[in-house]
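Listed here are the chains, written in short residue letters.
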Amino acid sequence: MKVLLAKTAGFCFGVKRAVDTVYQQVEENKDCKIYTFGPIIHNDEVIKDMQAKGVTVLEGEEDLPKAKNGIVIIRSHGVPKRICDRMDELGIQYVDATCPFVKKIHKIAMEKAEEGAFLVVIGNPVHPEVEGIMGWAGEDAAVISTAEEAEHLTVPEDRKICVVAQTTFNYNKFKELVEIISKRRYDISVLNTICSATKERQTETARIADRVDAMIVIGDKRSSNTQKLFEICKNACNNTYYIQTLDDLNVNQLRSVETVGITAGASTPNNIIEEVQNYVRINF
Ligand code: F3S
């Protein structure tokens, strides 16, 4: 059997960096308790493994005092400025593993606020990354995610507008919303801050799914980017299977196929991908 493994399967650069940071901190600080501000990724296997190594997840700002004598790791999504300020106030040591692409948006948000511009973030208002960006943007920034919200956006006439995007936002939708705002106001600057990692993974996955008899998509059931990969694969290849780990793989489904494609979401650890890949290569 021929196996095609997507090169983009698994952790993106920012997630890998954050996960590696946690393990590195555990290794280097044996006498100190390690916390993450929110789950470092949406993957039960990884979270369980970290918990087994003594890492505790802080659920929110109110949990910060618990970490007074420990080290807090900020995940790749980033946090609002007030969280960093609060940790400074409490004298908590922290390691910032915010993805550099997200950090860049924080910098833009701060600079634009200082210049007096009005920041518009195109993204999901309840996503932690967007909450984080808003927390660096001054008093009166806005988040929009629909055409209707773009039509009704109200910004004082004397303010310049700066538009940025959540890193995982859909590019076509971003363009559409920017066009709506541009028709209403002239004084806008637009910075496309969408990260290419998600798009590249989806494009490669679609290309592989088109060429194979069966497709395996590996990822946590709650991971929205894995669900999206599954949809893309299912459209191109009817024999698409969504598994979390090797245990979920039904071997009978692959008995009569000649080529199998494998892809994985951004929160799927490499060892799970390797395990599935090796199993398929050896047993079929
Ligand atoms: Fe960073 Fe892009 Fe991943 S913004 S966290 S590398 S999807």
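Quantities reported herein were computed from a predicted structural model and do not represent experimental measurements.

Caption draft 1: Expanded view of the overall build of the protein. Counting its secondary structure elements, the protein contains 10 helices and 12 strands. Expressed as lengths along the three principal axes of its C-alpha atoms, the size of the protein is roughly 65 × 55 × 20 Å. Each of the 284 residues in the protein was classed as buried or not, and the buried ones make up 39%. Counted over contacts in the protein with a minimum sequence separation of 6, partners at least 24 positions apart contribute 72%.

Caption draft 2: Just the site of the ligand, in detail. Neighbouring the ligand are 13 residues, the closest being Cys12, Gly14, Cys99, Thr167 and Cys195. Among the elements that take part in the shell around the ligand, helix H1 (residues 13–28) stands out by supplying 3 residues, more than any other. In terms of residue class, the shell around the ligand is made up of 8 nonpolar, 5 polar and no charged. The two domains that each donate at least three residues to the shell around the ligand are domain 2 (13–99) and domain 3 (101–190).

Caption draft 3: Looking closely at the sheet that holds strand S11 (residues 240–243). The sheet built from 4 strands is open, its strands ordered S1-S12-S10-S11 with parallel pairing. At either margin of the open sheet sits one strand with a lone partner, and together these are strand S1 (2–5) and S11. Sheet twist, expressed as the mean angle between neighbouring strand axes with direction ignored, is 20°. Bridge count between strand S10 (residues 214–218) and strand S12 (residues 259–264): 5 bridges; the pairing is parallel. Paired with isoleucine 218 across the two strands is alanine 264, which belongs to S12.

Conventions we followed
- Residues numbered from 1 in each chain as written.
- Predicted model: local features only at pLDDT ≥ 70, side-chain atom pairs only at ≥ 80, totals over all residues.
- Helix = DSSP H or I, 4+ residues; strand = E, 2+ residues; numbered from the N terminus.
- Buried ≥ 20, exposed ≤ 12 C-beta atoms within 10 Å, placed from the backbone.
- Contact = placed C-beta atoms within 7 Å.
- Near = placed C-beta within 6 Å.
- Nonpolar A, V, L, I, M, F, W, Y, C, P; charged D, E, K, R; others polar.
- Domains from an automatic or database assignment.
- Pairing = 2+ DSSP bridges.
- Axes fitted to C-alpha atoms, helices over the stretch in contact; angles between N-to-C directions.

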